[in-house]
Structure formats: structure tokens, C-alpha cells
Amino acid sequence: MNDKRQFIQLKEEVDFRLAQRRHLRERGVHLIVTHSCHISGTQCAPGEMIEDIALGGQTQPHSFGFSHMSLLLMDCLCRYRVSLSALRIEQIMNTDPFYVHYASNRIGCNQCLARPDRRTIRVYVRRIMKQMENVFRDAGINLDPNRVLISEVTDSNTILYKLRATIELLHIEK
């Protein structure tokens, strides 16, 4: 009797893991993006600061531990849900009010915050992939980071970057 119960539990666990893998393949991972210095009544307003990006969908979120530049790049890919070239990402960083006035709501703000440019984006994408690989391994998820942060080469040799994930935005008020 006990063997039958253990078999049923094992079967349910395997079914759950297979369903979880299908979900990850179809929709991508779940990312939790946390913004601080939030002013109530706004949504991703200029002056906010990106605190963290974590892997959700687990019992406990796993922070990726991204650097400042990687956080900016990942936030841009989370907010603009289309394929973007390095040039377009640089244009967004220089024109979108969120990035132009980035972190200006924090006390003692320093307006001279660096943003990724087209020459450094490829480097940061590699670093992001490495961080994702480490977090996926630590979380016990067998997933290739290249299936989450997709790099596509176009016929004109331009690389387009796109994020395949579900996104949850959290805002922490001032």
C-alpha cells in the first residue's frame, strides 16, 4: 500500500515538473523588476531607480545580482517588448524620460549616472547571460539563458535583442 502511494506521489511530481518545463518553454521565465524612489499614483515615472531584477515563479525569488548597467539594459528590454538593436537601445537610453531622469527622486541624487551605449551592450548581454545561467543552476531550472535573452542576427549583420519572459513590476515608494 505504501509503495503505491509513493509511486503516485512520484508520478505527480514528474507531471508537475514536465508541466513547469512546458510553461517555461512556451512563455519564458517570470521576472520581478523592482523600482524604488516611486511616487504614489505614477507608473514607472522618471526619477525612479531600478533596485533589482529577480527570477520569480519559485517559492522564493532569486535575485540575479545584476550590475547597475545590466539592470538598465534588462529594464529597457522588459519595458520595450520588441526586438531592439544596440543603436535603438542607446537612443532609448538617451531620450526616454525614465532613463534620462533615472534615479533623480532619490535623496542626494547624482545626475551623472552612466547608461549603456551601443559599443558596450554586447558585453553586458554576455554578462547577463552568465548571471542568468548561474541563477538558473542555483534554482534548479534546466534552462538555457539564450532562450530567455534572445540575440538574433539580421541579414544586415545587426544583432537584435529580445526578452522572452513574463514581467512583474513592483514599486517601492520613497
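Residues numbered from 1 in each chain as written. Predicted model: local features only at pLDDT ≥ 70, side-chain atom pairs only at ≥ 80, totals over all residues. Heavy atoms only, no water.

Peer 1: Please give an account of the pattern of salt bridges that cites residues and values.
Peer 2: Taken as a whole and assessed by the stated rule, the structure comprises 3 salt bridges. When the shortest N-O distance is used, the salt bridge between Asp-96 and Arg-79 registers 4.0 Å. Taken together, the residues span a long stretch of sequence, with Asp-96 in the loop between α3 (86-95) and α4 (97-100) and Arg-79 in helix α2 (residues 68-79) at a distance of 17 residues. A relative accessible area of 28% places Arg-79 in the partly exposed class. (Salt bridge = Lys/Arg side-chain N within 4 Å of Asp/Glu carboxyl O. Helix = DSSP H or I, 4+ residues; strand = E, 2+ residues; numbered from the N terminus. Buried < 20%, exposed > 50% of the residue type's maximum accessible area, 1.4 Å probe, protein only.)

Peer 1: Quick rundown of the side chain of His-35? Include the residues and the values.
Peer 2: By the secondary structure assignment, His-35 is in strand β1 (residues 29-38). In this structure the side chain of His-35 is engaged in a polar contact, spanning 2.8 Å, whose partner is the side chain of Asp-75. Beyond its immediate chain neighbours, meaning those up to four positions away, His-35 contacts Cys-44, Glu-48, Met-49, Ile-50, Glu-51, Asp-75, Phe-98, Leu-169, Leu-170, His-171 and Ile-172. (Polar contact = N/O pair within 3.5 Å; in protein donor to acceptor, adjacent residues only side chain to side chain. Contact = heavy atoms within 4.5 Å.)

Peer 1: Residue-level account of the pairing of strand β5 (residues 149-153), with values.
Peer 2: The sheet contact formed by β5 and strand β6 (residues 159-163) spans 5 bridges and is antiparallel. Within β6, the residue paired with Ser-151 across the bridge is Tyr-161. If you look at the hairpin formed by β5 and β6, you'll find 5 residues sitting between the two strands, and Asn-157 has a positive phi there, around 70°. (Pairing = 2+ DSSP bridges.)

Peer 1: Residue-level account of the sheet that holds β6, with values.
Peer 2: One open sheet accounts for 3 strands, arranged β4-β6-β5; its pairing is antiparallel. The open sheet is flanked by β4 (84-85) and β5, the only strands paired with a single partner. Across 2 bridges, the pairing between β4 and β6 is antiparallel. Across the sheet, the residue bridging to Ser-85 is Leu-160, located in β6.

Peer 1: Tell me what's going on with unusual backbone geometry, and back it up with residues and numbers.
Peer 2: For Cys-44, which is not glycine, the phi dihedral falls at a positive 50°. Tracing the sequence through the fold places Cys-44 in the loop between β1 and β2 (49-55). Residue Asn-157 is not a glycine yet carries a positive backbone phi of 70°. Counting through the fold element by element, Asn-157 comes out in the loop between β5 and β6.

Peer 1: So what's going on with the nonpolar core? Residues and values would help.
Peer 2: Core analysis: the largest hydrophobic core is formed by 44 residues, its most contacted members being Leu-31, Ile-53, Phe-64, Ile-89, Met-132, Phe-136 and Leu-163. Elements with a contribution of two residues or more to this core: β1, β2, α2, α3, α4, α5 (121-139) and β6. A total of 9 residues in this core trace back to one element, the largest contributor, which is α5. Once residues lying within four places of it in the same chain are set aside, the contact partners of Phe-64 are Leu-31, Asp-52, Ile-53, Ala-54, Leu-55, Gln-131, Met-132, Val-135 and Phe-136. (Core = buried A, V, L, I, M, F, W, Y, C linked by side-chain atoms within 4.5 Å.)

Peer 1: Please provide a residue-by-residue account of the packing of aromatic side chains, values included.
Peer 2: Per the stated rule, a full pass over the model turns up 4 aromatic pairs. Here Phe-64 and Phe-66 contribute two aromatic rings whose centre-to-centre distance is 5.0 Å and whose plane-to-plane angle is 10°, an arrangement assigned as stacked. You'll find Phe-64 and Phe-66 in the same group, each marked buried. Relative to Tyr-102, the ring of Phe-98 lies with its centre 6.3 Å away and its plane at 65°, an arrangement referred to as edge-to-face. In this structure, Phe-98 and Tyr-102 share a single accessibility class: buried. Three or more aromatic residues joined by ring pairs form one cluster here, namely Phe-64, Phe-66 and Phe-136. One Lys or Arg, Arg-79, reaches over the ring of Phe-98 and ends 4.4 Å from the middle of that ring. Cation over ring: Arg-127 sits above Tyr-124, and NZ or CZ is 5.0 Å from the ring centre. (Phe/Tyr/Trp six-rings, centres within 6.5 Å; stacked < 30°, edge-to-face > 60°. Lys NZ or Arg CZ within 6 Å of the ring centre and 35° of its normal.)

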